Amino acid sequence: MRTLALLALACSIGSLWPLRADAQKPVTLLNVSYDPTRELYQEVNQAFATAWKAKTGQTVTIRMSHGGSGKQARSVIDGLEADVVTLALAYDIDEIGTRGGLIPANWQTRLPDNSTPYTSTIVLLVRKGNPKRIKDWPDLVRTGVSVITPNPKTSGGARWNYLAAWAWALKQPGGDAAKAKAFVTSLYKNVPVLDAGARGSTTTFVERGIGDVLIAWENEALLAIKELGPDKFEIVFPSLSILAEPPVTVIDKVAKRKGTAALANAYLEFLYTPEGQELAAKHFYRPRNAAVAAKYARQFPRLSLITIDQVFGGWTKAQKTHFADGGVFDQIYASR
Amino acid sequence: MSRPISGLAAWGIALLWGTLPSSGAAQQDTARPLAERLERLEQQVRILSRLQELAADSAREAARTRTLVTVGSDGFTLRSADGNWRLRVGGYFQADGRYYLKDREALGTSSLIIRRARPIVEGTVFHYFDFRIMPDFGTGQPTIYEAYLEARLDPALAIRAGKFKPPVGLERLQSATDLRFVERGFPTNLVPNRDVGFMTSGDLSGGLLSYAVGLFNGVADLGFGDVDGSDAKELAARLFTQPFILQGRRAPADLGFGISGSLGKERGNLTVPATSMLRTPGQVTAFRYRSNGTAAGTTLEDGTRARLEPQAYLYRGSFGFLAQYTISRHTVRRDTSAAVRIRHQAWQIAASFFLTGERASFRSLTPKRVFDPRAGTWGALELAARIQETSVAEAAFPYFADPAVSSQRIRAWTVGLNWHLARNLKLMIDYERATFLGGAATGDRPPENFLATRLQTAF
């Protein structure tokens, strides 16, 4: 009996040996993200790698891929081997599930807050002194005002921008879909350049000096002021904007095949930790954690925000109506 | 010297002076719209410049992901921008005329034939893996001539599986479109044509040394197999060196030499005796083992079959030279006789020369001046000549082969003229004379005087 027990113990240790050996092996994750998250994930990746090394002894390297959210989703569907995606909007991740079959339909229920560890909103960035006196959305359709925003066909941020403008028009007294369409059509008539992603639009506005106002993620606008100084730009918070929820998920099929599923889950869960939330706030994303949000309350003024579900019936419907081929955006842009 | 101001000009100046602002404030009023206009123009320039940047980005992105389609002398090719995926559709077609001159005994039948009609579909999947499918519709017998998959893991290591040319005969390994004569020489009659198997091959030291080793079902000399008639298999291998290859175009010559061979066992049966035969330059059978469908009257391959071929080529300037010496040893038996080893052998020495100055090569060539009568250019002309011989050991006669119908030896000489109109179009004419030892009821089979023509297109 004792011999049998010893044999069983030896077998157990033997069977664990490869796992331990694997755990020590350096591993690489690929995070496919949208345009303006470069600075955020640079710091998150470093912090997570340090925490993971301390916890497991394993060295982890996280590679990043950035681009327009819709374009990034298509790359993953086409075979880019992402362990995780951190995209600008849920519809793009839905596409990875429905078209690529790489994640289950309930992916958004797997992490807290609809798998959105931080939020943001859409604001207006203008040049210092606000020479065109832009105060709110209607100022963007005035003659002589040049507006910079990216292409909603390729950029998630651009879709949030578009929907925020549409929602404002809809919420005006007597507002309806026709008036909202007319308003957004006028707005896009003032757009001289459509970049593929939000970071490209920031470059157009900030570095190339084009346009009078940039419709931007709040985090991107705050970053521009931090990087270039408050003497160059200022933020205009519109009377109404949209709650932008950029979600995250593990790409199950890829992570399973690469054997990185546990690590990828831990990486995304790290975003919800106080440390991860601090980093999000530091990089101008609105944190979900109440304590961290309270600490950064001065950075994020309270705004009147609508949600995609309230006004547009969710992303699937909004996408089909506005951004699908032949949708409202195509009609608007073709009529320019 | 100053010129006097005319009265009219003076009035004009006075009028203009009167319209100019008379104070600093008024000057500022004028300057403001000018500054705004300048700012607008500057914005326009920046917008145009940014649009140009974005267009360039889009063009770069499109080039990165665009599928390249090319149509040209290499056929129709689709290629992904990263080169990992490729599909080529090509092929070649050869229409021959065969004329047996002074053929009083009607040993050959003069005719026009479609010698080869081979569409080729080949490609690359996932960067490392190539495939090729080549059927042949020539001579009225549609068949899959080649079909294989190859993993190119490294220049020094490729693994191929399927149906293809075993690495034995030098001229067999030369593409049918690059031959200097309408028909290959006698040594090719003693090596496999196509066989099913797998092979490892590669180039070492930048091609200085090439190797190939493969295991095949095993086929008779000049044989072509899809399935195996016995459990026995055949090993084939080749070592080949090109000592000047690293010097590129500064090399004194394109010299290659090596040795190849095969070793295996074969067990023939009454339906498929698996024995070999010899053909004349005009593709008429001049030697065959006895076969009448009965055990007593049929010679079978039964035991070891071994081939060995030293081989070499030399191309220098417009001159080309190719030589092979092939030995093929067979173990045969008939009825209840003991198995006997019979040696077949063949050699050829072939030379070619471009009258129009092209650089000769083992592979295809592009004429310096393609055929274009309006421009006064006529393509490339190439002269070719060869001598060759093939024989079967005396031990084959008379028990295993009938000396009244099978020759023991064939000697032949050939002269030819090739007109390369373009890389894809070639006309050939050969005259061959073959003499025989034995092969007739009395004495020798009459000499064969064979005229062959070919029209070839390849793409």
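Residues numbered from 1 in each chain as written. Chains lettered and ligands numbered in written order. Predicted model: local features only at pLDDT ≥ 70, side-chain atom pairs only at ≥ 80, totals over all residues. Heavy atoms only, no water.

A. Examining the layout of surface pockets more closely. Size it by volume and the second largest pocket reaches roughly 1000 Å³. Lining the second largest pocket are 33 residues, with Lys71(A), Ser75(A), Glu61(B), Arg64(B) and Thr65(B) positioned closest to its centre. Of all the secondary-structure elements, those providing two or more residues to the lining of the second largest pocket are strand S2 (60-67), helix H3 (69-77) and helix H8 (198-207) of chain A together with helix H2 (24-65) of chain B. Top element by residues in the lining of the second largest pocket is H2(B). It accounts for nine residues. Its residues assigned to classes, the lining of the second largest pocket shows seven nonpolar, 13 polar and 13 charged. (1 Å grid on protein atoms, 1.4 Å probe; cavity = no way out; pocket = protein on both sides within 12 Å on 5 of 7 lines; lining within 4 Å. Points joined across faces, edges and corners; volume = space filled by probe spheres on them. Helix = DSSP H or I, 4+ residues; strand = E, 2+ residues; numbered from the N terminus. Nonpolar A, V, L, I, M, F, W, Y, C, P; charged D, E, K, R; others polar.)

B. Local environment of the packing of aromatic side chains. All told, the structure shown has 28 aromatic pairs over all chains when counted by the stated rule. Ring geometry for Phe205(A) against Phe233(A): centres 5.6 Å apart, planes inclined by 40°, an arrangement best described as tilted. A residue pair is termed long-range when its members are at least 10 positions apart, and Phe205(A) in helix H8 and Phe233(A) in strand S7 (residues 233-236) qualify at 28 residues. By the burial criterion, Phe205(A) is buried, and Phe233(A) matches it. Summarising the aromatic geometry, the rings of Tyr313(B) and Phe362(B) are spaced 4.8 Å apart at their centres and angled 20° between planes, so their arrangement reads as stacked. Here Tyr313(B) is found in strand S14 (residues 299-316), whereas its partner Phe362(B) is found in the loop between strand S16 (340-354) and strand S17 (380-392), with 49 residues between them in sequence. Taken as a pair, Tyr313(B) and Phe362(B) share a single burial class, namely buried. One aromatic cluster is present, built from ring pairs that chain together Tyr162(A), Trp166(A), Tyr188(A), Phe323(A), Phe329(A) and Tyr333(A). Over the ring of Phe164(B) we find Arg160(B); its NZ or CZ atom is 5.2 Å from the centre of that ring. In this structure, Arg238(B) packs its charged tip against the face of Phe240(B), placed 4.2 Å from the ring centre. (Phe/Tyr/Trp six-rings, centres within 6.5 Å; stacked < 30°, edge-to-face > 60°. Buried < 20%, exposed > 50% of the residue type's maximum accessible area, 1.4 Å probe, protein only. Lys NZ or Arg CZ within 6 Å of the ring centre and 35° of its normal.)

C. Just the pattern of salt bridges, in detail. Across all of its chains, the model carries 45 salt bridges over all chains by this definition. The shortest N-O distance in the salt bridge between Arg99(A) and Glu95(A) comes to 3.0 Å. Taking relative accessible area as the criterion, Arg99(A) reaches 62% and is therefore assigned exposed. For Glu266(B), the salt bridge goes to Arg305(B), with nearest N and O atoms at 2.9 Å. (Salt bridge = Lys/Arg side-chain N within 4 Å of Asp/Glu carboxyl O.)

D. Spatial organisation of the interface of chain A and chain B. The interface of chain A with chain B comprises twelve residues on the first partner and eight residues on the second. Our enumeration of links across chain A and chain B arrives at two salt bridges. Here Glu53(B) ties to Arg208(A) by a salt bridge, and the two come within 2.9 Å at their closest N and O atoms. At the junction of chain A with chain B, the criterion picks out seven residue pairs in polar contact (both at pLDDT 80 or more). (Contact = heavy atoms within 4.5 Å. Polar contact = N/O pair within 3.5 Å; in protein donor to acceptor, adjacent residues only side chain to side chain.)

E. How the structure looks around unusual backbone geometry. Residues Phe397(B) and Pro398(B) are joined by a peptide bond in cis, for which omega reads -10°. Within the secondary structure, Pro398(B) is located in the loop between S17 and strand S18 (407-422). Phi at Asn114(A) is positive, roughly 55°, even though this residue is not glycine. Tracing the backbone shows Asn114(A) in helix H5 (residues 112-115). Given the relative accessible area of 46%, Asn114(A) is considered partly exposed. Within the chain, His127(B) stands out as a residue other than glycine whose phi angle is a positive 70°. Along the polypeptide, His127(B) turns up in the loop between strand S4 (111-125) and strand S5 (129-136).

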